[in-house]
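A structural walkthrough
Now for the letters of each chain:
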Amino acid sequence: MSKPLFARILYKISGEALMGDQPFGIDPKKVAVVVDDVAEAAALGTSIALVVGGGNIFRGMALAANGADRVTGDHMGMMAIIMNALALRMELQSRGVAVTVLSGLAVPQVCDTFTQRGMIEARDRGDVLIFAGGTGNPYFTSDTAAALRAAEFGADAIFKGTQVDGIYSADPKKDKNATRYDTLTHTDLLQQGLKIMDGSAVALARDNDIDVVVFSIHAPGELARVLCGQGTFTRVSSN
Ligand code: UDP
């Protein structure tokens, strides 16, 4: 494998990536696959932080759609994210990878709360970081949390693992004429309404000059390959 293109990345995984074939929840086999990829990429010397979503367990919007309180729903969603983060931590630790979980939502009995100081300490120690609990605030998504933490972490790029191998002009599962882009700008994403991350996350990445690299979570080893400029992906950058 050649040299990584980026010295520091934030890897965003949706909660659904941990679900496997189950209708919801955490499939330990999928957690192991994600962790294989992270351990392989970390071994290349790139500094890595993870942001995981919670959609495999709970989304606040789903509760709000039935007339319930959105803020309570979002608190439940952020707790779902923490559960996923703990599953990833356990698997990384079982392989001897040094890992620190920092949560935006304070649950001190479970993990440390996110602070810039704590993050820098763990990052400079060489730990893999997991930023859990989203931003800690309702009305946000884990994509926005990923962009925020990427800026705080000093990441060069957000690596976004998705169901397909990049960004397409239309949903390739529904439209056989959909074409894949090799490169795009953040402004292209926003202007063309390409739904890969929410608009606030893309704008935050653009304003902080953080690339977004989109690739498939279904190809084992792809994270390390894409990190080295191989494999299949779309790269979103400022120019
Ligand atoms: N959430 C939140 N604030 C945040 C991040 C997430 O309130 O900063 C809640 C929200 O309810 C969201 C849920 O956590 O629906 C799970 O996150 P998300 O839907 O982004 O997960 P993913 O789609 O990546 O699995």
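Further up the page is the structure itself.
Residues numbered from 1 in each chain as written. Predicted model: local features only at pLDDT ≥ 70, side-chain atom pairs only at ≥ 80, totals over all residues. Heavy atoms only, no water.

Topic: the overall build of the protein
Quick note on the threshold: Secondary structure elements follow DSSP: runs of H or I of four or more residues count as helices, runs of E of two or more count as strands, with numbering from the N terminus. Buried, partly exposed and exposed residues are distinguished by accessible area as a fraction of the type maximum, computed with a 1.4 Å probe on protein chains only: under 20%, between the cut-offs, and over 50%, respectively. It only takes one pair of heavy atoms within 4.5 Å for two residues to be counted as in contact. Only the protein chains shown count as cover for residues, and all accessible areas are computed by the Shrake-Rupley method using a 1.4 Å probe.
What the protein contains, in helices and strands, is eight helices and eleven strands. Here the C-alpha coordinates of the protein stretch approximately 50 × 45 × 35 Å along the principal axes. Of all 239 residues assigned to the protein, the portion counted as buried reaches 48%. Of the contacts made within the protein by residues no fewer than 6 positions apart, 72% connect residues no fewer than 24 positions apart. Working note: accessible area of the protein is about 10900 Å², and carbon and sulfur atoms make up 53% of it.

What about the pattern of salt bridges?
Basically, it comes down to this: By definition, a salt bridge exists where a carboxyl oxygen of Asp or Glu is found within 4 Å of a side-chain nitrogen of Lys or Arg.
Throughout the structure, instances matching the rule amount to 16 salt bridges. As a salt-bridge pair, glutamate 16 and arginine 59 come within 3.6 Å of each other at their nearest N and O atoms. Taken as a pair, glutamate 16 in the loop between β1 (8-13) and α1 (28-42) and arginine 59 in the loop between β2 (47-52) and α2 (60-65) lie far apart in primary sequence, 43 residues in all. The residue arginine 149 makes a salt bridge to glutamate 152 at a minimum N-O spacing of 2.8 Å. On the criterion of helical spacing, the pair formed by arginine 149 and glutamate 152 is a turn pair, its members being three residues apart in helix α5 (residues 142-153). Overall, the relative accessible area of 5% leaves arginine 149 in the buried class. The network of salt bridges with shared partners includes Lys12, Asp143 and Lys160.

Observations concerning the side chain of lysine 12
With respect to the helices and strands, the residue lysine 12 is situated in strand β1. The residues contacting lysine 12, other than those within four sequence positions of it, are Val51, Gly53, Ser142, Asp143, Ala146, Ile158, Phe159, Lys160 and Gly161.

Here we look at helix α3 (residues 70-94)
The test is simple: By definition here, a helix of n residues has an expected span of 1.5 Å times n minus one.
For α3, built from 25 residues, the straight-helix expectation of 36 Å at 1.5 Å per residue is met to within 8% by its first-to-last C-alpha distance of 36 Å. Positive backbone phi, at 80 degrees, marks glycine 96, one or two positions downstream of α3.

Description of α5
Test applied: Polar contacts, as counted here, are pairs of nitrogen or oxygen atoms within 3.5 Å of one another; within protein the pair requires one atom able to donate a hydrogen and one able to accept it, and residues that are adjacent in sequence qualify only if both atoms are side-chain atoms.
Taking 1.5 Å of rise per residue, the twelve residues of α5 would be expected to cover 16 Å, and the 15 Å separating its terminal C-alpha atoms lies within 8% of that figure. Where burial is concerned, most of α5 is hidden: nine out of the twelve residues are buried. For α5, every residue scored as buried is listed here: Ser142, Asp143, Thr144, Ala145, Ala146, Ala147, Arg149, Ala150 and Phe153. The opening residue of α5, the one whose side-chain oxygen lies 3.3 Å from the backbone nitrogen of aspartate 143, is threonine 141. Just past α5, the residue glycine 154 takes up positive phi, approximately 75 degrees.

Section: the environment of alanine 170
Tracing the chain through its elements places alanine 170 in the loop between β7 (167-168) and β8 (180-181). Under the relative-accessibility criterion, alanine 170 is labelled partly exposed at 27%. For alanine 170 and arginine 180, which are ten residues apart along the polypeptide, the C-alpha to C-alpha distance reads 8.7 Å.

Quick notes on the nonpolar core
Short version of the rule: Among buried residues, those of type Ala, Val, Leu, Ile, Met, Phe, Trp, Tyr and Cys that are joined through side-chain atoms within 4.5 Å constitute a nonpolar core.
Ranked by internal contacts, the top residues of the largest apolar core, which has 37 residues, are Tyr11, Val38, Leu50, Leu88 and Phe159. Looking at this core, the element that brings in the most residues is α3, giving seven residues. In contact with leucine 88, other than residues within four places in its own chain, are Ile13, Leu18, Val31, Val34, Val35, Leu50, Val52 and Ile130. Grouped together as the second largest cluster of nonpolar side chains are 28 residues, Ala49, Phe131, Ala147 and Leu189 included.

A word on the site of the ligand
The cut-off we apply is this: One heavy atom within 4 Å of a molecule or strand makes the whole residue count as near it.
Around the ligand lies a shell of 20 residues, among which Arg59, Asp74, Thr135, Asn137 and Ser142 are the nearest. One of the side-chain nitrogen or oxygen atoms of threonine 135 is found 2.7 Å away from an oxygen atom of the ligand. One of the backbone N or O atoms of phenylalanine 140 is found 3.2 Å from a nitrogen atom in the ligand. Bound to the protein, the ligand loses 93% of the 520 Å² it would expose on its own.

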